[in-house]
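Fold and contact review
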2 protein chains.
Amino acid sequence: MAKGITKRSEDYSKWYLDVIDAAQLAEHSAVKGCMVIKPTGYAIWEHIQANLDRLFKETGHVNAYFPLFIPENFMHREAQHVEGFAPECAVVTHGGGKKLDEPLFVRPTSETIIWSTYKNWIQSYRDLPILINQWANVVRWEMRTRLFLRTTEFLWQEGHTAHATEKEAVDETLLILGVYRTFAEEYMAAPVFTGIKTEKEKFAGAVRTYCIEAMMQDYKALQCGTSHYLGQNFAKAFDVTFQDEQSKVRYVYATSWGVSTRLIGALIMMHSDDNGLVLPPRLAPTKVVVVPIWKEDAERAAMKQKAVDLTRDWKGRIPYKIDDRDQYRPGYKFNEWEKRGVPIRIEMGPKDVAQNQVIVVRRDTGEKIAVPQYSLLATIEALLEKIQKDLYARALRNRDANTFTCDEYKELIERLESPGGFFWVHWCGQGACEEKFQQDAKATIRLQPIEDGGEPGACIVCGAPSAQRVLVAKSY
Amino acid sequence: MAKGITKRSEDYSKWYLDVIDAAQLAEHSAVKGCMVIKPTGYAIWEHIQANLDRLFKETGHVNAYFPLFIPENFMHREAQHVEGFAPECAVVTHGGGKKLDEPLFVRPTSETIIWSTYKNWIQSYRDLPILINQWANVVRWEMRTRLFLRTTEFLWQEGHTAHATEKEAVDETLLILGVYRTFAEEYMAAPVFTGIKTEKEKFAGAVRTYCIEAMMQDYKALQCGTSHYLGQNFAKAFDVTFQDEQSKVRYVYATSWGVSTRLIGALIMMHSDDNGLVLPPRLAPTKVVVVPIWKEDAERAAMKQKAVDLTRDWKGRIPYKIDDRDQYRPGYKFNEWEKRGVPIRIEMGPKDVAQNQVIVVRRDTGEKIAVPQYSLLATIEALLEKIQKDLYARALRNRDANTFTCDEYKELIERLESPGGFFWVHWCGQGACEEKFQQDAKATIRLQPIEDGGEPGACIVCGAPSAQRVLVAKSY
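A quick note: this is a predicted structure, and the numbers were derived from the prediction, not measured.

Ranked by size, the top nonpolar core spans 91 residues in total, and within it Phe-69 and Trp-115 of chain A together with Phe-69 and Trp-115 of chain B carry the most contacts. Ignoring sequence-local partners within four residues, the contact set of Trp-115 of chain A consists of Thr-161, Ala-162, Phe-234, Ala-235, Phe-238, Val-240, Val-252, Tyr-253 and Ala-254 of chain A.

Below, the structure is given as structure tokens:
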């Protein structure tokens, strides 16, 4: 266990905050509920952004930017939406030294301001589809905050698309769900379940909310991304219609979808260990750290030079750092880079150099390998890919080993409490039974499968008929 | 002149808005003073961001993110700062359905929230320097707004650095001024003067504000970026000290610097013409548009295929579009891409194809060149570089031809009014004389040279001694 990091087994919540602190990812700010994302944490966000942005663009989306402020009357146009979001909004009442005629809400999400704009952009079927994404900050007043997972202000992307038909809009919703799943699996090394939220858990204003849910190391669920089919709700609220090819006037169909800085919380809770942060190589800002080692002062200059020589070809291929600071001992440096989650550490002492080799250390397993210098770059590139795959496999094993079917309500509640896990249970579809999970175990239905096809059964709460199982878990 | 675009000679302000509208860059939103940045406009911002971000990182800076909100008492810590900014702030008074104990200001700039954070980050000289940049939205309540140039909310980057010595902080301020100058000249094709703002024009809270100023086509100045040496003002306001190498406790030295979406306004006003937007190739999201032309329906499929064949090797080398829409005629398409500022258009009809050539048309000059297909990619790459250089040269000629020295006050006021221009004049350094420019011609001192060395003279207003000339102009 690293100094200053609580063990997971002792206090998982404390461990989470210790890992963030030790890796210098973020901290609480002087503004209640808002965080400061520190350079190392922000660099992870930049990697998330760059990769997601590419995936969005490859699927035909473009970026734009809409105002931070939303006039109060816009919030009130869609009944479910205002009910869900207005209570958690920050409200601007004064501007330029004067009281405003109409208060402005700081956006908690941008459906209303965007659909008020789309009204002017859409007249004909020729103006459709609109496939726009926005990278932005949003504000939702939170009473109990936790760095990355739940903060009053957070950074996110929000896609807002407009379509001529229901089918096209649903296809878009599922396309993005697929993009999120791909990103989670291939970049975050995070296995996820995909599914549909219940009526109670869906987005305020959506017809249907799709989601990806991941299991953390404490067996709790974390919702990592949502993709909403909004039907014509916002088109009706803002009177957005178009003439179809037969000159018939119709309301436009909508989707919206988003992921946020919460993903950094998921990365931490999924892969890190008692020594600190562990990052999947594809999202690690620094992938390799090289630590030259010397005992005698006379060796120092030569070893520093050797580290430079060793990495001469790496520029543009692998983001790396050389840690040749004089004031710290090698052990201190190893510990520091472990806490910061750099996937590969290279130790290089005079004896290694004499044998034309270096010692390569994996952050995830601690495994040490002596590698000849001539094949180092190729070895590292292959090892980074292997670490990426191994992290995914380990997370998948953890999830599979802690995902169960359960048919006894009492057993479900006990097991949700300890040791926890994901539970596939039969549910009749009634809100009252859904409430029971919350009341008895502070658990929720995380998702319902997208495609029917499970065996039918009896609701685990009331025994009424159930067409398929749903996933129940405690969550963040 | 393109349909729907007012001529510059008729009404320059209207022309500016028409260009934005025709190129679909941005529009006013339902929220007073805030704009919607449309996909084409936002893509230009993405290019500005990507290039500036690289330049910042190459000079040792990292990104981070600080809260949107600033507690009221933070704003009041630095006397000049609060006086300059508080009157134009948006204020959040309610959050989560309750009145807040202390109002929160939506950041107009982030010195205060950042220096309240740096206080905890800095103890020793070993913690310095801190070289952080933030990409963010900020809000300054504006009465009279103009798309991109002055909006209540805008996007920008703001660098905030902390240093152990005055020299290091001043060097940083000048380093960034150099980065801004390089970016303006090499990417925006914008010649700029660099200099120091007067006391009256400097940033509220700065010791000294450096700036880059560019001339628009109507001979007015536009401030394109500022780099502030803040001395110890914010360190003192937030009690940020460090132990130096001799264990002496000292206040930290600060800089801050920023450019904003205003740069898109500069691009438009500097290079565009009566046919619409003209973009320097390095910042153009789409650099080439290929328009296949057919007369007979029978030719259509073959010409479309030819356009695809022609561009087969371009992916990853040149961002391009093929406009093979059936419902529009070639002339309509040419006009549309001209309005959108794509630097190079390729026209390709059956006759051209028969001769294994295409017609390459420059957006900036209208020049048409027949180019053999086998050398097309190389020709285009070279031509894009040439257009970039030519735009700079043209802007420089325009500036040089309209920059004068002037020693007669009456003449200065007349010429500022018409035809306008940049005027190097002697100034005694007194605020009263500076006020006169404003009163008599709505002009300001844009900058004072960084290095003394001009010939001494007599103040153009009062005749008192002046060590050097300053630059006076009307501005946006």
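That shown, we press on.
All names here are of chain A. Under the domain assignment used here, chain A contains domain 1 (12–271), domain 2 (286–383) and domain 3 (403–473). For domain 1 and domain 3, the distance between their C-alpha centres works out to 27 Å. With 19 residues of domain 1 at the contact, the number on the domain 3 side is 18 residues. The contact between domain 1 and domain 3 buries some 1500 Å² in all, and 65% of this surface belongs to carbon and sulfur atoms. At the boundary of domain 1 and domain 3, one finds 1 salt bridge. Across the salt bridge formed by Glu-213 and Arg-446, the nearest N and O atoms sit 2.9 Å from each other. Across the domain 1-domain 3 interface, the total number found is 5 residue pairs in polar contact (both at pLDDT 80 or more). Contributing elements (two or more residues each) for the side of domain 1 that touches domain 3: helix 6 (166–186), strand 9 (193–196), strand 10 (208–215) and strand 11 (221–231). Tallying contributions element by element places strand 10 first for the side of domain 1 that touches domain 3, with 5 residues.

Counting from both sides, the interface comprises 50 residues of chain A and, opposite them, 50 residues of chain B. Note on chain A versus chain B: buried area summed over both sides is about 3900 Å², and carbon and sulfur give 67% of it. Here Lys-57 of chain A ties to Glu-46 of chain B by a salt bridge, and the two come within 3.0 Å at their closest N and O atoms. Between chain A and chain B we count 22 residue pairs in polar contact (both at pLDDT 80 or more) in total. The leading source of residues in the side of chain A that touches chain B is strand 5 (residues 90–95) of chain A, at 6 residues. Its residues assigned to classes, the side of chain A that touches chain B comprises 31 nonpolar, 10 polar and 9 charged. Both strand 5 of chain A and strand 5 (residues 90–95) of chain B contribute to a ladder of 5 bridges, which runs antiparallel. Bridging across to strand 5 of chain B, Ala-90 of chain A finds its partner in Gly-95 of chain B.

As a further point, take the sheet that holds strand 22 (residues 444–447) of chain B. Residues and elements named next belong to chain B. An order of 20-21-25-22 is seen for the 4 strands of this open sheet, with the pairing classed as mixed. Two strands lie at the open edges of the sheet, namely strand 20 (403–405) and strand 22, each paired on one side alone. The mean inter-strand angle of the sheet, taken between neighbouring strand axes irrespective of direction, is 40°. Of the pairings in the sheet, the one linking strand 22 to strand 25 (residues 469–473) comprises 3 bridges and is antiparallel in character. Within the sheet, the bridge partner assigned to Leu-447 lies in strand 25 and is Leu-471. Each of strand 20, strand 21 (422–426) and strand 25 is contacted by helix 13 (residues 409–417), which is oriented at about 165° to strand 21, the strand it contacts most.

In this section: the pairing of strand 7 (residues 130–139) of chain A. All names here are of chain A. Across the 10 residues of strand 7, 10 count as buried, placing the element largely inside the fold. Side chains Ile-130, Ile-132, Gln-134, Ala-136 and Val-138 of strand 7 all project onto a buried face; the interleaved residues Leu-131, Asn-133, Trp-135, Asn-137 and Val-139 project onto the opposite face, where all are buried too. The pairing of strand 3 (residues 62–63) with strand 7 spans 2 bridges and is classified as parallel. Paired with Asn-63 across the bridge in strand 7 is Asn-133. Relative to strand 8 (residues 153–163), strand 7 runs antiparallel, the two being bridged by 10 bridges. By the bridge assignment, Ile-130 is partnered in strand 8 with Ala-162.

Calculation criteria
Residues numbered from 1 in each chain as written. Chains lettered and ligands numbered in written order. Predicted model: local features only at pLDDT ≥ 70, side-chain atom pairs only at ≥ 80, totals over all residues. Heavy atoms only, no water. Core = buried A, V, L, I, M, F, W, Y, C linked by side-chain atoms within 4.5 Å. Buried < 20%, exposed > 50% of the residue type's maximum accessible area, 1.4 Å probe, protein only. Contact = heavy atoms within 4.5 Å. Domains from an automatic or database assignment. Buried area = accessible area lost by both parts, 1.4 Å probe. Salt bridge = Lys/Arg side-chain N within 4 Å of Asp/Glu carboxyl O. Polar contact = N/O pair within 3.5 Å; in protein donor to acceptor, adjacent residues only side chain to side chain. Helix = DSSP H or I, 4+ residues; strand = E, 2+ residues; numbered from the N terminus. Nonpolar A, V, L, I, M, F, W, Y, C, P; charged D, E, K, R; others polar. Pairing = 2+ DSSP bridges. Axes fitted to C-alpha atoms, helices over the stretch in contact; angles between N-to-C directions.

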